[in-house]
Amino acid sequence: YSITLKTQFAPSNDPHDYLSLARYYWPNPKTENGLPYIVRDGYSNPEIWTVEDYILLRKLMAEIQHLGFGYLFTKNDTYVKKAIHRINEWFLNPKTKMNPNLNYASLAKGSKLGRRAGVLDFHPIYKYVLNLIIQSIPLMRSSKFWDHNIELKFKKWLTIYYDWLKNSEHGRLEHKANNNHGSFYDVQAIYILEYIGQVKEAKDFAKKALKNRVNTGILADGQQPYETARPTSWFYSTFNLHALFLLAERATHLGFNGWNYKGKNNQSIKTAVDYLLPFALNGGEGWKFKNID
């Protein structure tokens, strides 16, 4: 797996720049060449799969996770060797590495840069940071073939990436988003901060983030208005709830009881679950929001 394998490059023409295409953007019928692409929210353009960075990144991280558990159960050092190879290949080797930014993620064709929404491409990092860093890598450290220098370099890569996440325009705008984009930004930031050793900042971030997402993203009755406003309202309601669960878990782990926090209108993660539960149990009957497909 290498980011340099793709046949379509970002507008920078740098093969090391991560590239993905905007999921809900389609050719413009009013222009001869279809540019610039225009949004059709809720309708995925299959063209997004023609750039493989998005797919390969997920395969890479899942594979490293599996290799770590493979070593745990078998003590077969070939799993450790392959995990080191994969980490080095995607993140560290100068010839094949990914630049630590998402400047061209969620690119709408015809644009010079990606969109802030592209930060969401990295949202599964919570899962892989948890399984890869907190579980898989510690499991492999007992192997004589484990390369501690590779892990140090990977931490440095994540530190540079976090600086981009915190200070770039894309990152700042995504942090301010009221919907699932903002929620998963918070999740991503907390996991990375904790791993790179900025634990106090992670604690402060988690507490503030949890309170903010409950107060701004959940109504008194439990509805999540920024998600129900989307054409795929059910998916995004559950998707954002997933982020809130992760926020609550991390906040609690870091000393703040996120599960039981109640907002200014007595709303909570529990009220958001209770709002969705009856519709989950009756096949969606009575769901009053637009929900295509």
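Predicted model only: the values in this text are computed from it and were never measured. Every chain's residues receive numbers from 1 upward, in the order its sequence appears when written. Confidence filtering applies because this is a predicted model: local features only for residues at pLDDT of at least 70, side-chain atom pairs given and counted only at 80 or more, and all residues used for totals across whole chains, interfaces and linings. The side-chain values count all of the structure's non-hydrogen atoms but skip hydrogen atoms and water molecules.

Description of the packing of aromatic side chains
Then comes step 1: Between the rings of Phe, Tyr and Trp (Trp by its six-membered ring), a pair exists once the centres lie within 6.5 Å; its type follows the angle of the planes, with under 30 degrees stacked, over 60 edge-to-face, and the other angles tilted. If you walk through the whole model with that rule in mind, you get 19 aromatic pairs.
Then comes step 2: Both rings, one in W234 and one in W287, keep their centres 5.0 Å apart while their planes meet at 85°; by these two values the pair is edge-to-face. Here W234, found in helix α9 (residues 233–253), pairs with W287, found in the segment after α10 (269–281); they are 53 residues apart in sequence, far enough to count as distant.
Then comes step 3: For W234, a relative accessible area of 25% translates into the label partly exposed.
Then comes step 4: In textbook terms, an aromatic cluster arises when at least three aromatic residues are bridged by ring pairs, as seen for F91, F122, F154, W157, Y161, W164 and Y195.
Then comes step 5: Above the face of the W26 ring, R40 is positioned so that its terminal group lies 4.8 Å from the ring centre.
Then comes step 6: The ring of Y195 carries the charged tip of K155 above its face, separated from the ring centre by 4.9 Å. Secondary structure follows DSSP: runs of H or I at least 4 residues long count as helices, runs of E at least 2 residues long count as strands, and numbering of each begins at the N terminus. Any residue under 20% of the maximum accessible area for its type is buried, any over 50% is exposed, and the rest in between are partly exposed; the area is computed with a 1.4 Å probe on protein chains only. The criterion is that NZ of a Lys, or CZ of an Arg, lies within 6 Å of the ring centre and within 35 degrees of the ring normal, and then a charge sits over that ring.

Overview of the environment of N103
Then comes step 1: Topologically, N103 is positioned in the loop between α2 (77–92) and α3 (125–140).
Then comes step 2: Spatially, the C-alpha atom of N103 lies 24 Å from that of F239, the residues being 136 residues apart in sequence.
Then comes step 3: For N103, the contacting residues outside a window of four places in its chain are L113, G114, W164 and H170. By definition, residues are in contact when any of their heavy atoms lie within 4.5 Å.

Brief notes about the environment of L35
Then comes step 1: For L35, the location among the structural elements is in the loop between β1 (25–26) and β2 (38–39).
Then comes step 2: Along the primary structure L35 and Q224 are separated by 189 residues, whereas in three dimensions their C-alpha atoms are 34 Å apart.
Then comes step 3: When residues no more than four places from it in sequence are discounted, the contact partners of L35 are N28, K109 and G110.

A look at the domain arrangement of the protein chain
Then comes step 1: Domain start and end points were adopted from an automatic or database domain assignment. You can read the domains of the protein chain as domain 1 (1–176) and domain 2 (206–292).
Then comes step 2: The C-alpha centroid of domain 2 is placed 27 Å from the C-alpha centroid of domain 1.
Then comes step 3: Listed by partner, the interface residues are 9 residues for domain 1 and 10 residues for domain 2.
Then comes step 4: Counting the surface lost from both domain 1 and domain 2, the interface buries some 750 Å², and carbon and sulfur atoms represent 56% of this.
Then comes step 5: For this document, the term salt bridge refers to a Lys or Arg side-chain nitrogen within 4 Å of an Asp or Glu carboxyl oxygen. Viewed at the interface, domain 2 and domain 1 are joined by 1 salt bridge.
Then comes step 6: Notably, a salt bridge pairs R230 with D41, separated by 2.9 Å at the nearest N-O pair.
Then comes step 7: Side-chain atoms alone can form a polar contact between residues adjacent in sequence; in general such a contact is a pair of N or O atoms within 3.5 Å, and within protein one must be able to donate a hydrogen while the other accepts it. Between domain 1 and domain 2 we count 3 residue pairs in polar contact (both at pLDDT 80 or more) in total.
Then comes step 8: Polarity classes work like this: nonpolar for Ala, Val, Leu, Ile, Met, Phe, Trp, Tyr, Cys and Pro, charged for Asp, Glu, Lys and Arg, and polar for all others, with Gly in that last group. For the side of domain 1 that touches domain 2, the class distribution of residues is 5 nonpolar, 3 polar and 1 charged. Note on terms: buried area is the combined drop in 1.4 Å-probe accessible area of two parts once they are placed together, counting the loss on both.

A short note on the pattern of salt bridges
Then comes step 1: Per the counting criterion, the structure on display carries 13 salt bridges.
Then comes step 2: Taking the shortest distance from any N to any O, the salt bridge between R86 and E63 comes out at 2.6 Å. A residue pair is termed long-range when its members are at least 10 positions apart, and R86 in helix α2 and E63 in helix α1 (residues 53–74) qualify at 23 residues.
Then comes step 3: A relative accessible area of 14% places R86 in the buried class.

Points about the nonpolar core
Then comes step 1: Formed by 71 residues in total, the largest nonpolar core has its most connected members in I87 and F91.
Then comes step 2: Sorting the residues of this core by element identifies α1, α2, α3, α4 (148–167), α6 (180–195), α7 (199–217), α9 and α10 as the ones contributing at least two each.
Then comes step 3: A domain split of this core shows at least three residues from each of domain 1 (1–176) and domain 2 (206–292).
Then comes step 4: Contact partners of F91, with chain neighbours within four places excluded, come to L60, M61, K97, F154 and W157. Residue types Ala, Val, Leu, Ile, Met, Phe, Trp, Tyr and Cys, when buried and joined through side-chain atoms within 4.5 Å, form a set referred to as a nonpolar core.

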